[in-house]
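Single-letter residue listing:
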Amino acid sequence: DESGVSVNGGVCTITGGTIQNNKNENGNGGGVYVDGGTCTISGGSITNNTAQNGGGVYVAGGECIINGAMNVAANITNNTAQNGNGGGVYVAGGKCTVDGYAEVTDNTASYGGGVYVASGATCWLREHSGIRSNNANADGGGVYVKENSEFVVYSTVTENTAGSDGGGVYLAGPAADGLYYRMDDAAISRNQATGSGGGICAGENVRIAMNSGYFRSNTASNGGGVYLSSGGELGINAQFRENSATGDGGGIWATVDCEIYLNSSNNFRGLLSGNTAARGGGMFVAGEQWLVEFNGTQVDSDNDLVFWGNGENSILKIGRGGAFESTISGNIQATNVNVTMDKGTVRSSSVTLTNAKWLIYGGYCSISKITTDGQQKVTLHGGYFDVEPTDPNIQVGNNSKMLPISGNAGDPYYDPAYKEGYSYGVYAVKNDAASLNQGTITYDSQPVVPGEDFTIIPNGTTLLEYSCTDAAGSPVSGWPTNAGAYTIRAKCLNAVEKWYAETSFDLTIGKAAPAYTAPAPLTGLHGQPLSGVALPAGWAWEDGTTTLDAAGAQTYPATFTPADTANYNTVDVPLTVTVAHDWGGWV
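Residues numbered from 1 in each chain as written. Predicted model: local features only at pLDDT ≥ 70, side-chain atom pairs only at ≥ 80, totals over all residues. Heavy atoms only, no water.

(A) Summary view of the overall build of the protein chain. Within the protein chain, the secondary structure is distributed over zero helices and 63 strands. Its C-alpha radius of gyration of 42 Å places the protein chain more than 25% over the 25 Å reference for a compact globule of 587 residues. Long-range contacts, defined here as pairs at least 24 residues apart, represent 68% of the contacts in the protein chain between residues at least 6 apart. A total accessible area of about 23900 Å² is found for the protein chain, and carbon and sulfur atoms account for 44% of it. Measuring between centres, the 26 positive side-chain charges of the protein chain sit 7 Å from its 53 negative side-chain charges. (Helix = DSSP H or I, 4+ residues; strand = E, 2+ residues; numbered from the N terminus. Rg over C-alpha atoms; globule rule 2.2 N^0.38 Å. Contact = heavy atoms within 4.5 Å. Areas by Shrake-Rupley, 256 points an atom, 1.4 Å probe, with all protein chains shown as cover. Lys, Arg positive; Asp, Glu negative; His and termini not counted. Charge placed at Lys NZ, Arg CZ, Asp CG, Glu CD.)

This is how it looks when you write it as structure tokens:
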């Protein structure tokens, strides 16, 4: 292979200058050929070179580093792979790093207009680098990556075009050792594919991981942002904005055996917004089995979600994990799909379920917008809702209870998670969860006061409704006042722990000690019975036959019986009697 510069070992540094107008039409590497050692291209241009593969740079082995130097960008531009691949850069082996302020622009090839990465090779596109305005007659307008390679992107991939698939990036097969292709802080925008995958087209079993990146204004026939073939996996913190597909999946298109995790982090929220397609502007997923999870992702109202599956193995999960709650405002169409929801908000203007099952355990859902075909059910095991369900195929779970809730503190139906527009909550039924923490109180002439005379435990449990019966089983109107034994049957809500209970407990109102004033002074004659000493109403001597046989102040047991013996106890009180001798009329 002949080229402008050939590096076969050692260390070669090319700083500034221009390598241009070289032709190697029957070989590889029009501008620079590297097959060993380390070649560093710092600044300057590699331009208007031609080769069969690697019009600008061909890396057969060793390492090639392309970066800017002293504020001078490195440009690999306007190179051509004649009837071959890698218009700007072809990485056949070894490692190629396109580093800060290096641009691969306006190059042309059959596959990989900007960069082509062969099996077993490694290519890193690092910060502040760019793959821009390249063209592939077939696949991979910006980058084409073969299977069993290592490809990491921290850069911008923009304005590239493909005559077939993968306007920005085409990933032909899985990464080396089954690892992920990493795309952290990548910006993939304004790429075009005549076929599938405007931003990225991924072949079978490709796994992609992205952190804090975005897909914007990419176009294709299917999968405007990302096209994911069978067996693929997409785990990303990414925003999809204004991508479009003339067919299906404006933001994302995926098929059988795929797994998609749309995530958010503390500093970056996953988003589907402004994407358009004939079907599934935000996302289109179809296949016998697959998994899609929204983990804190926001789906705007202009992004429809379309899911087709086979039932048990086609699963959509809403709300697990993520620093943010998922918010889905786009319309949802689900056919032969199982949906579970744990948290987040679904406020779509329409949700159409055809032979689909939806289990809701938490979050907020506008069930008034859900339409079912009657074949399977939406089951509410928790969460908050705008209305009570009227569709018989939207049911509260067997061990759950729907209640109207309030956002006003102090209201028995108060729930701190209340959100305007979602006035009903579903709680787990735990009839053994509530109990009384005080079983006996004392009569005070006032009705029993919940929260003062007794409370329901555990803490945070409020009393919704109650009924009361006395010891004979007769109903009592209101809270009881009089002393006695009662049974309270109560309905309770614990909005913190999210459970509802119907329970009963015994409550006893004990008799109170009466108020009294001991009668005094009391006098009697020696030798007379105690009954001769008169007492006021309510008082009685314990033993009136007792003889007053000692002179002076003597104490004798007496009993005070209140008028209201139903609510007050009888009291034993010692009373003092002054006993005198009767000396013939003289005392």
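(B) A look at the pairing of strand β9 (residues 74-77). The sheet contact formed by strand β6 (residues 44-47) and β9 spans four bridges and is parallel. Considered in β9, the bridge of T47 is made with T77. Pairing analysis gives four bridges linking β9 to strand β13 (residues 102-105), with the strands arranged parallel. Residue pairing in the sheet places A74 in a bridge with A102 of β13. (Pairing = 2+ DSSP bridges.)

(C) How the structure looks around the nonpolar core. With 89 residues, the main nonpolar core has I66, F151, M183, F294, F307 and W358 as its most contacted residues. For this core, the leading source of residues is strand β42 (residues 332-341), giving five residues. In this structure, W358 is in contact with I318, V339, T340, M341, V346, V351, L353, C365, I370, K377, V378 and T379, ignoring residues within four places of it in sequence. Counting residues in hydrophobic clusters, the runner-up holds 20 residues, among them I456, A483, W499 and A501. (Core = buried A, V, L, I, M, F, W, Y, C linked by side-chain atoms within 4.5 Å. Buried < 20%, exposed > 50% of the residue type's maximum accessible area, 1.4 Å probe, protein only.)

(D) Quick peek at the side chain of T77. Inspection of the secondary structure puts T77 in strand β9. With relative accessibility at 13%, the residue T77 sits in the buried group. Not counting residues within four places of it along the chain, the set of residues in contact with T77 comprises I46, T47, N48, T105, D106 and N107.

(E) Summary view of the pattern of salt bridges. Using the criterion set out here, one finds 12 salt bridges in the structure. E147 is the salt-bridge partner of K146, the closest N and O atoms lying 3.9 Å from each other. Between E233 and R207 there is a salt bridge whose closest N-O contact spans 3.4 Å. Within this pair, whereas E233 is found in strand β31 (residues 233-241), its partner R207 is found in strand β28 (residues 207-216), the two being separated by 26 residues in sequence. When its relative accessible area of 13% is taken as the criterion, E233 is described as buried. One salt-bridge network, held together by shared partners, links D99, R126 and E127. (Salt bridge = Lys/Arg side-chain N within 4 Å of Asp/Glu carboxyl O.)

(F) Spatial organisation of the packing of aromatic side chains. Under the criterion given, the structure shown has 21 aromatic pairs. Each ring, one from Y144 and one from Y170, has its centre 5.0 Å from the other, and the planes form 5°; the classification is stacked. One end of the pair, Y144, is in strand β19 (residues 143-145); the other, Y170, is in strand β23 (residues 169-171), with 26 residues separating them in the sequence. Each ring, one from F454 and one from F505, has its centre 5.7 Å from the other, and the planes form 55°; the classification is tilted. Of the two residues, F454 is situated in the loop between β54 (440-442) and β55 (456-457) and F505 in strand β59 (residues 499-510); the sequence distance between them amounts to 51 residues. (Phe/Tyr/Trp six-rings, centres within 6.5 Å; stacked < 30°, edge-to-face > 60°.)

(G) Local environment of the side chain of T297. Looking at where T297 falls in the secondary structure, it is placed in the loop between β38 (290-295) and β39 (298-299). A polar side-chain atom of T297 sits 2.6 Å from the main-chain carbonyl oxygen of L262. T297 has contacts with L262, N263, S264, R269, G270, L271, S326 and T327, leaving out every residue within four places of it along the chain. (Polar contact = N/O pair within 3.5 Å; in protein donor to acceptor, adjacent residues only side chain to side chain.)

(H) How the structure looks around the sheet that holds strand β60 (residues 523-525). Pairing in this open sheet of four strands is mixed, and the strands run β60-β63-β62-β61 from one edge to the other. The sheet is open, and its two edges are formed by β60 and β61 (539-541), each paired on a single side. Across this sheet, the average inter-strand angle for adjacent strands is 50°, counted without regard to direction. Two elements, β60 and strand β63 (residues 571-580), share three bridges in a ladder whose sense is parallel. From the neighbouring strand, G524 faces β63, where its bridge partner is V579. (Axes fitted to C-alpha atoms, helices over the stretch in contact; angles between N-to-C directions.)

(I) Region of the structure containing the pairing of β31. The element β31 is largely enclosed, with a buried count of eight among its nine residues. Judged from the eight bridges that link them, β28 and β31 form a sheet pairing that is parallel. Paired with R216 across the two strands is R241, which belongs to β31. Bridge analysis of β31 against strand β34 (residues 258-263) gives four bridges, and the strand direction is parallel. Paired with L234 across the two strands is I260, which belongs to β34.

(J) The arrangement of the environment of Q446 in detail. Inspection of the secondary structure puts Q446 in the loop between β54 and β55. When its relative accessible area of 47% is taken as the criterion, Q446 is described as partly exposed. Along the primary structure Q446 and R269 are separated by 177 residues, whereas in three dimensions their C-alpha atoms are 57 Å apart. Excluding anything up to four places from it in sequence, Q446 contacts P480 and T481.

(K) Spatial organisation of the environment of G30. The residue G30 is located in the loop between β4 (23-28) and β5 (32-42) in this model. For G30, a relative accessible area of 0% puts it in the buried group. Considered as a pair, G30 and I46 are 16 residues apart in the sequence and their alpha carbons are 9.3 Å apart.

(L) Expanded view of unusual backbone geometry. Omega for the peptide link from I457 to P458 comes to 5°, which places this bond in the cis form. Residue P521 follows A520 across a cis peptide bond; omega there is -5°. Inspection of the secondary structure assignment puts P521 in the loop between β59 and β60. The residue N48 is not glycine, and still its phi comes out positive at about 60°. For N48, a relative accessible area of 37% puts it in the partly exposed group.

(M) Geometry of the environment of T327. With respect to the helices, strands and loops of the structure, T327 is situated in strand β41 (residues 327-328). The exposure class assigned to T327 is buried, which follows from its relative accessible area of 14%. Along the chain, T327 and T345 lie 18 residues apart, while their C-alpha atoms are 4.7 Å from each other. T327 has contacts with R269, T297, Q298, V299, T345 and R347, leaving out every residue within four places of it along the chain. Within the structure, T327 has its side chain in polar contact with the side chain of R269 (distance 3.2 Å).

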